[in-house]
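This is what each chain is made of:
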Amino acid sequence: MTLLRQAALDLVIVGLLFSGLRFGGRMCRRILRLGTDHSALDDLALGGIGAGWLIFAAQTFGGYGRPLALLFLGVGGLGLLDRAWWTALAGGWTHWRQMPWTNRAALGVILISFGSAGLAALAPPTAKDALVYHLAVQKTYLAAGRFVELPNNIFAYFPQLVEGLYACGMSAGSDRTAALIHTGFGLLLCLGTYRLARATGLSSTGGWLAAAVLASTPMVWLEAGWPYVDLALAFYVVQALHRLLDWHATGRTSALVLAGVFFGGAASIKYLALPLALALTPVLLGWLAAASSRIPSPGPSVGRVIRTLALFFGPLLVVAAPWYGRNLWLVHNPVFPMLYTMFPTQSAGWDADRARLHLLFLQGYGSATKDWLDWLTLPWRVCWLARTDDIRHYDGEIGAIYFLLVPALGLWWRMDRRMRGLTAFASLFFGLWALSSQQIRFLLPILPPVAVVSVWFAADWLGVNRRLHRIGLVCLGLFITANALRTADLAVEEQSVATGLGLVPAGDYLRSKLPEYGLFRFLATHTEPQARIWLVTTGARTYYLERPFVTDYAFEDYTLARLVRGTRTADELAAAVARLDVDWLLIAPGVVLDPKTTPFENEAERARFVAYLRRYATLVRQDGQLALFRLEGAGVEPAR
């Protein structure tokens, strides 16, 4: 199939999938009698939650893959027959034609950003987490037609609502379909940000500017072209925030319950939703206290506080229960591999030592010192000094515009309760983030409220002073332009847009991004289908490996170090390796043998491993730092 036809097929599948989510969500809303004052975004979010339950059922009972995909696409076809959908689209076109130039410019930024991200999504996936688990795990499930426990891949225990949608896209289209689904969630996130801004009282121009701020963010653009899940998580958080603002304004219980449902959708995507909900709790209580101050009473009673928290957290737990319940059943830990010592975790592929090392690894993001000066300047460094692919610089970029939240705090008393709530939520979660793993993409769910507050600070709060208002708009435009230029630089550097357009051959692109890809292709063409590969220090990006394999994922040299440490001679090590039932070893010898990066504790262990390679392994091919060895069994004549 030509590139153009494949891209057209992928786009049709994505369109039908989102149409199905909207139509399914609308049916759920009618069945549950949730009211009629809901937008298409609410229907899409509800449809995604319903799809998540169906995905879990198919993983558990069978039918995962093409049957489920055909069901979703069929529902999407029914959604296209909904006259209200086309009426809304026609109304949107009429609204666009009546927009002032500032709104059109902001909308142009959004369309250009996500249009180019969609082109990047047409390139073969190369982002690490996609190749380690977002796509790799689903590839295993699709081959089996159901859920398969993968004890050595700790990431396979994460919630999988969005990955289930990716699996449907992969079974009906290609892995590019999965990336385009995430692009779609990014576009929905921008629309949700506009609606959130309007709910806080910002003007239409302010709403579109907030959405443009988000769309021009370099990390948002990168993720929109990857089959990750962070933009979908942020979309559900924004939907929940909008419903909480509705509850704060009207006091309707249904709005609070629906906010909990949407946060349950977020928790069905990523564990990160749980600390986000924790950061939101003081905001909930603050809004509850504000509502109580409108009536003559000393404050909310304990019973009312408990009822409010139950109405929010109850739906959250119910919606996310399948994913966490499965982990509780399999490994006795609902948030595995997190909180290892808090639960009686039982896993064949994980232990307390690796849990401790994993925690240290996550805490390694950000400054190496983390002294008082680092904490004091953290907001400035995150906005101004962050860099992609550098864990010491937070492994991502968001841009200087988000630093406006800091001076906005000085205008706390000029904010209304809605804006204070968003500011408090973003600030509290930033504090939790600073105390945990300082990865930029973990901040993506709070970027929409920060964008809203930043636009309020830079423009809308200036009120009737037109001169200052114009200055604020110009400053916002400059910040957005700076972010857009950095995003364009990343697009050129990554070459994903050029590859999506067909200007760079897919094979050349994969070889330039993935050092192991050439050896994976060699194994696919020169080994038997049942040959088993042992991967050590290769990156554990197994998605393109078409052979059975053994690897440790989080710590790829853990098994190697354990085997070497537990033996005394090269012959004993050969016998231990033979029990792994592997035929080939793909390893980066320079990494394993370098004193700075070696997993071995002393020179004797290193010498033992070298002796094993010399006697029981034959070097077949070397590509850069990676070497491919053919292994001999312990009872076989050693290689010469």
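Description of the structure in this document. (Residues numbered from 1 in each chain as written. Predicted model: local features only at pLDDT ≥ 70, side-chain atom pairs only at ≥ 80, totals over all residues. Heavy atoms only, no water.)

A few words on the packing of aromatic side chains. Scanning the model with the defined rule gives 25 aromatic pairs in all. When the centroid spacing of 5.3 Å and the interplanar angle of 80 degrees are considered together, the rings of Phe 56 and Trp 323 count as edge-to-face. With Phe 56 in helix H2 (residues 40-61) and Trp 323 in helix H15 (residues 302-331), the pair connects residues that are 267 residues apart, well separated along the chain. As far as the burial class goes, Phe 56 and Trp 323 line up, both buried. Plain terms: the ring middles of Trp 226 and Tyr 228 are 5.0 Å apart, the flat faces sit at 50 degrees to each other, and that makes the pair tilted. Of the two residues examined, Trp 226 and Tyr 228, each falls in the buried class. Ring-pair connections join several aromatic residues into one group, and the members of that group are Tyr 133, Phe 155, Phe 158, Tyr 271 and Tyr 324. The ring of Phe 147 has Arg 326 lying over it, and the distance from NZ or CZ to the ring centre is 4.1 Å. (Phe/Tyr/Trp six-rings, centres within 6.5 Å; stacked < 30°, edge-to-face > 60°. Helix = DSSP H or I, 4+ residues; strand = E, 2+ residues; numbered from the N terminus. Buried < 20%, exposed > 50% of the residue type's maximum accessible area, 1.4 Å probe, protein only. Lys NZ or Arg CZ within 6 Å of the ring centre and 35° of its normal.)

A separate point is the layout of surface pockets. Any empty space left between atoms is shown by rolling a water-sized probe over those atoms. Computed from the structure, the second largest pocket encloses a volume of approximately 1,600 Å³. As for the second largest pocket, its lining consists of 44 residues, and the residues nearest its centre are Trp 85, Leu 89, Leu 187, Leu 188 and Leu 191. Elements represented by at least two residues in the lining of the second largest pocket include exactly helix H1 (3-32), H2, helix H4 (83-97), helix H5 (101-121) and helix H9 (175-199). The residue inventory of the lining of the second largest pocket, partitioned by class, reads 27 nonpolar, 10 polar and 7 charged. (1 Å grid on protein atoms, 1.4 Å probe; cavity = no way out; pocket = protein on both sides within 12 Å on 5 of 7 lines; lining within 4 Å. Points joined across faces, edges and corners; volume = space filled by probe spheres on them. Nonpolar A, V, L, I, M, F, W, Y, C, P; charged D, E, K, R; others polar.)

Note on sheets: strands pair through backbone hydrogen bonds, and any given pair is parallel or antiparallel. An order of S2-S1-S3-S5-S4 is seen for the 5 strands of this open sheet, with the pairing classed as mixed. Whereas interior strands pair on both sides, the edge strands pair on one side only; in this sheet they are strand S2 (549-550) and strand S4 (617-623). Relative to S2, strand S1 (residues 533-536) is paired through 2 bridges, and the arrangement is parallel. Across the sheet, Trp 534 pairs through a bridge with Val 550, a residue of S2. Its contacts with the sheet put helix H25 (residues 517-526) on S1, strand S3 (584-587), S4 and strand S5 (626-631), and the angle it makes with S4 is roughly 125 degrees. (Pairing = 2+ DSSP bridges. Contact = heavy atoms within 4.5 Å. Axes fitted to C-alpha atoms, helices over the stretch in contact; angles between N-to-C directions.)

Attention now goes to a nonpolar patch on the surface. On the surface, a cluster of nonpolar side chains totalling about 290 Å² of accessible area is made up of Leu 80, Trp 86 and Leu 89. Considering the arrangement of structural elements, one finds Leu 89 in helix H4. According to the relative accessible area criterion, Leu 89 is partly exposed, its value standing at 42%. (Patch = residues over 30% accessible without salt bridge, like charges linked within 9 Å, V, L, I, M, F, W, Y side chains within 5 Å. Areas by Shrake-Rupley, 256 points an atom, 1.4 Å probe, with all protein chains shown as cover. Salt bridge = Lys/Arg side-chain N within 4 Å of Asp/Glu carboxyl O.)

Let us now look at helix H22 (residues 466-494). Between the first and last C-alpha of H22 there are 42 Å, a value that for 29 residues agrees with the 42 Å anticipated at 1.5 Å per step. For H22, the full list of buried residues reads Gly 472, Leu 476, Ile 480, Asn 483, Thr 487, Leu 490, Ala 491 and Glu 494. Looking at the buried side of H22, the elements it contacts are H5, helix H10 (204-215), helix H11 (218-224), helix H21 (447-458), helix H23 (496-500) and helix H24 (506-513). Looking one or two residues beyond H22, the residue adopting positive phi is Gln 495, at roughly 65 degrees. (Expected span 1.5 Å × (residues − 1).)

Two elements in contact, helix H8 (residues 161-172) and H9, have axes separated by 7 Å at closest approach and are oriented at 135 degrees. By the angle between their directions, the pair H8 and H9 is classed as oblique. H9 is crossed by H8, and the crossing has right-handed handedness. Judged by residue contacts, Leu 165, Tyr 166, Gly 169 and Met 170 of H8 engage Asp 175, Thr 177, Ala 178, Ile 181, His 182 and Phe 185 from H9. Of the residues in the contact of H8 with H9, the class split is 6 nonpolar, 3 polar and 1 charged. (Parallel < 35°, antiparallel > 145°, perpendicular 65-115°, else oblique. Left-handed = near helix turned anticlockwise from the far one by under 90°.)

A few words now on unusual backbone geometry. Looking along the chain, the bond that leaves Phe 336 and enters Pro 337 is cis, with omega of 10 degrees. With respect to the secondary-structure elements, Pro 337 resides in the loop between H15 and helix H16 (352-363). Not every positive phi belongs to a glycine, and Lys 370 is a case in point at roughly 50 degrees. Looking at the element boundaries, Lys 370 is found in the loop between H16 and helix H17 (372-376). Its identity as a non-glycine residue notwithstanding, Ala 540 has a phi of 55 degrees, on the positive side. Mapped onto the elements of the fold, Ala 540 is located in the loop between S1 and S2.

Turning to the pattern of salt bridges, a few remarks are in order. A complete count under the given rule lists 26 salt bridges for this structure. Asp 82 is the partner of Arg 26 in a salt bridge, and the nearest nitrogen-oxygen pair spans 2.2 Å. Of the two residues, Arg 26 is situated in helix H1 and Asp 82 in the loop between helix H3 (66-80) and H4; the sequence distance between them amounts to 56 residues. Accessibility expressed as a relative area gives 16% for Arg 26, which makes it buried.

Let's shift gears to empty space enclosed by the protein. All chains considered together, the criterion is met by 3 cavities of 30 Å³ or more. By volume, the largest cavity is sized at about 140 Å³. Taken together, 16 residues form the lining of the largest cavity, with Ala 120, Gly 225, Trp 226, Ser 496 and Tyr 509 sitting closest to its centre. Those elements giving two or more residues to the lining of the largest cavity turn out to be H5 and H11. A per-class count over the lining of the largest cavity returns 12 nonpolar, 3 polar and 1 charged.

Counted according to the given criterion, the structure contains 0 disulfides. Note on Cys 168: no disulfide assigned, nearest cysteine sulfur contributed by Cys 28 at a separation of 16 Å. Of the cysteine sulfurs around Cys 190, a residue in no disulfide, the closest is that of Cys 383, at 18 Å. On the basis of relative accessible area, Cys 190 is assigned to the buried category, the value being 1%. (Disulfide = S-S within 2.5 Å.)

Looking at the element boundaries, Thr 567 is found in the loop between helix H26 (558-565) and helix H27 (570-578). Classification of Thr 567 by relative accessible area gives buried; the value is 10%. Residues Thr 567 and Pro 334, spaced 233 residues apart in sequence, show a C-alpha to C-alpha distance of 36 Å. For Thr 567, the contacting residues outside a window of four places in its chain are Glu 572, Leu 573, Ala 576 and Arg 608. Separated by 3.1 Å, the side chain of Thr 567 and the backbone oxygen of Leu 563 make a polar contact. Of note is the side chain of Thr 567, whose polar atom sits 3.3 Å from the backbone oxygen of Val 564. (Polar contact = N/O pair within 3.5 Å; in protein donor to acceptor, adjacent residues only side chain to side chain.)

Without other data, these values stay purely geometric and don't point to any function.
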